[in-house]
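# Coordinate analysis (summary)
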Amino acid sequence: AQSVTQLDSQVPVFEEAPVELRCNYSSSVSVYLFWYVQYPNQGLQLLLKYLSGSTLVKGINGFEAEFNKSQTSFHLRKPSVHISDTAEYFCAVILNDMRFGAGTRLTVKP
Amino acid sequence: NAGVTQTPKFQVLKTGQSMTLQCAQDMNHEYMSWYRQDPGMGLRLIHYSVGAGITDQGEVPNGYNVSRSTTEDFPLRLLSAAPSQTSVYFCASSYLDAGIDGYTFGSGTRLTVV
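Here the structure is a predicted model, which means the values were calculated and not measured.

To continue, consider the overall build of chain B. For chain B, the count of helices and strands is 0 helices and 11 strands. For chain B, the α and β elements follow one another from N to C terminus as β-β-β-β-β-β-β-β-β-β-β. Seen through its C-alpha atoms, chain B measures out along the principal axes to roughly 35 × 30 × 30 Å. Of all intrachain contacts in chain B linking residues separated by at least 6 positions in sequence, the fraction that spans at least 24 positions is 54%.

What follows is the structure, encoded as structure tokens:
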């Protein structure tokens with residue numbers, strides 16, 4: 001079974017609209033959860049992480065994610081996106097090592 | 001700037017050739033890892049190291065070797081390149097094991113095997 005599943009491979013959205021990128025994880029893994037962003041032709045950058053404590057985690061560039069243990073989810077949200085948010089986003093969990101989801105390509109249209 | 005440096009950025013190999021992808025970090029990170037990125041599959045762990053002299057296999061280790069003689073360097077060797085190894089390779093490092101504090105990634109090496 002997949003350790004982490006990103007439910008949407010592509011998400012198109014208009015500029016200034018809200019966005020949610022969905023991530024579900026296997027309940028058998030630890031609850032160390034991450035979101036990374038990859039801009040074209042670059043490596044991945046850490047957006048935010050959940051290790052413990054408050055279930056609402058704030059990251060860079062106005063993104064936030066909410067850890068939901070009962071639904072085994074860690075969805076990424078932003079209330080108003082910009083053209084510059086166009087990128088691929090990866091959810092990841094720790095299972096002895098870090099395992100990544102397949103990615104969600106966010107395209108922000110003018 | 002401090003970070004993870006990968007060389008080369010691009011490489012084309014013929015089937016059967018060998019090569020080494022270089023990775024160096026200057027942040028004194030103990031934990032280093034190699035991932036490959038393929039479309040629709042995210043990143044998959046090839047090998048990792050928890051410190052100098054210690055390496056271990058990840059999810060997809062076949063066809064690759066690593067060594068860690070210093071804290072800074074973690075080269076990845078392709079022994080006999082195959083078209084299935086065409087991919088983008090990323091090196092990553094972190095203070096804590098498994099990237100629990102968050103990985104710093106290199107900019108990647110795009111490898112094509114023909």
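So much for the structure itself; the text now carries on.
The next point concerns the interface of chain A and chain B. Between chain A and chain B, the contact holds 20 residues from the first and 20 residues from the second. Counting across the interface, chain A meets chain B through 1 salt bridge. Summed over the shared surface of chain A and chain B, the result is 3 residue pairs in polar contact (both at pLDDT 80 or more). Within the residue set of the side of chain A that touches chain B, elements represented by two or more residues are β5 (33-38), β6 (44-50), β10 (87-95) and β11 (97-100) of chain A. Counting residues per element, the side of chain A that touches chain B draws most heavily on β11 of chain A, at 4 residues.

Turning our attention to the packing of aromatic side chains. All names here are of chain A. Applying the stated criterion to the full structure yields 15 aromatic pairs over all chains. Each ring, one from Tyr-25 and one from Phe-67, has its centre 6.1 Å from the other, and the planes form 25°; the classification is stacked. Of this pair, Tyr-25 sits in strand β4 (residues 23-25) while Phe-67 sits in strand β8 (residues 64-68), placing them 42 residues apart in sequence. Among the residues examined, Phe-67 registers a relative accessible area of 8% and is labelled buried. Their ring planes at 45° and their centres at 5.4 Å tell us that Phe-63 and Tyr-89 sit as a pair that is tilted.

Further remarks concern the pattern of salt bridges. When charged atoms on two side chains of opposite charge get close, those side chains can pair. All names here are of chain A. Under the counting rule described, the total for this entry stands at 10 salt bridges over all chains. The salt bridge partner of Glu-20 is Arg-77, with a shortest N-O separation of 2.8 Å. Here Arg-77 lies in strand β9 (residues 73-78) and Glu-20 lies in strand β3 (residues 19-21), a separation of 57 residues in the sequence. Note on Arg-77: relative accessible area 28%, which makes it partly exposed.

What the largest pocket holds in volume is close to 680 Å³. As for the largest pocket, its lining consists of 30 residues, of which Gln-38 and Glu-88 of chain A together with Gln-37, Val-88 and Arg-110 of chain B are closest to the centre. Elements represented by at least two residues in the lining of the largest pocket include exactly β10 and β12 (104-109) of chain A together with β4 (31-38), β9 (87-94) and β11 (109-113) of chain B. Of the residues contributing to the lining of the largest pocket, the split by class is 10 nonpolar, 15 polar and 5 charged.

Looking now at the sheet that holds strand β7 (residues 64-66) of chain B. Residues and elements named next belong to chain B. The sheet built from 4 strands is open, its strands ordered β1-β3-β8-β7 with antiparallel pairing. In the strand order of this sheet, the two ends are held by β1 (4-7) and β7, each with one partner. Taken over all neighbouring pairs, the strand axes of this sheet differ in orientation by 20° on average, direction set aside. Bridging between β7 and strand β8 (residues 76-78) involves 3 bridges; their strand directions are antiparallel. Within β8, the position partnered with Tyr-64 by the bridge is Leu-78.

The rules we used
Note that residues are indexed from 1 along each chain, following the sequence as it is written. Naming scheme: in the order in which they are written, chains are lettered from A and ligands are numbered from 1. Where totals are concerned, whole chains, interfaces and linings use all residues; where local detail is concerned, this predicted model gives features only for residues with pLDDT of at least 70, and gives and counts side-chain atom pairs only at 80 or more. Computation of side-chain values: all heavy atoms of the structure, hydrogens and water removed. The helix count covers DSSP runs of H or I at least four residues long, the strand count covers runs of E at least two residues long, and both are numbered beginning at the N terminus. Contacts are residue-level and defined by heavy atoms, with any inter-residue pair within 4.5 Å sufficient. Within this document, salt bridges are pairs made up of a side-chain nitrogen of Lys or Arg and a carboxyl oxygen of Asp or Glu, the two lying within 4 Å of each other. N or O atoms within 3.5 Å of each other form a polar contact, as long as, within protein, one can give a hydrogen and the other can take it, and as long as residues adjacent in sequence are counted only when both atoms are side-chain atoms. Only Phe, Tyr and Trp rings take part, Trp by its six-membered ring, and two of them pair if their centres are within 6.5 Å. Stacked means planes under 30 degrees apart, edge-to-face means over 60, and tilted covers everything else. Categorising residues by exposure relies on relative accessible area from a 1.4 Å probe, with only protein chains included: less than 20% of the type maximum marks a residue as buried, more than 50% marks it as exposed, and the intermediate range marks it as partly exposed. Cavities and pockets are found on a 1 Å grid laid over the protein atoms alone: a cavity is a set of points where a 1.4 Å probe fits but cannot escape, a pocket is an open set with protein on both sides within 12 Å along at least five of seven lines, and a lining residue has an atom within 4 Å of such a point. Grid points are joined across faces, edges and corners, and a volume is the space filled by probe spheres set on the points. Ten residues, namely Ala, Val, Leu, Ile, Met, Phe, Trp, Tyr, Cys and Pro, are considered nonpolar, four, namely Asp, Glu, Lys and Arg, are considered charged, and the remaining ones, Gly among them, are considered polar. Only strands joined by at least two bridges in the DSSP assignment are considered to pair. Only the contacting stretch of a helix is used when fitting its axis, a line to C-alpha atoms as for every element, and angles between N-to-C directions run 0 to 180 degrees.

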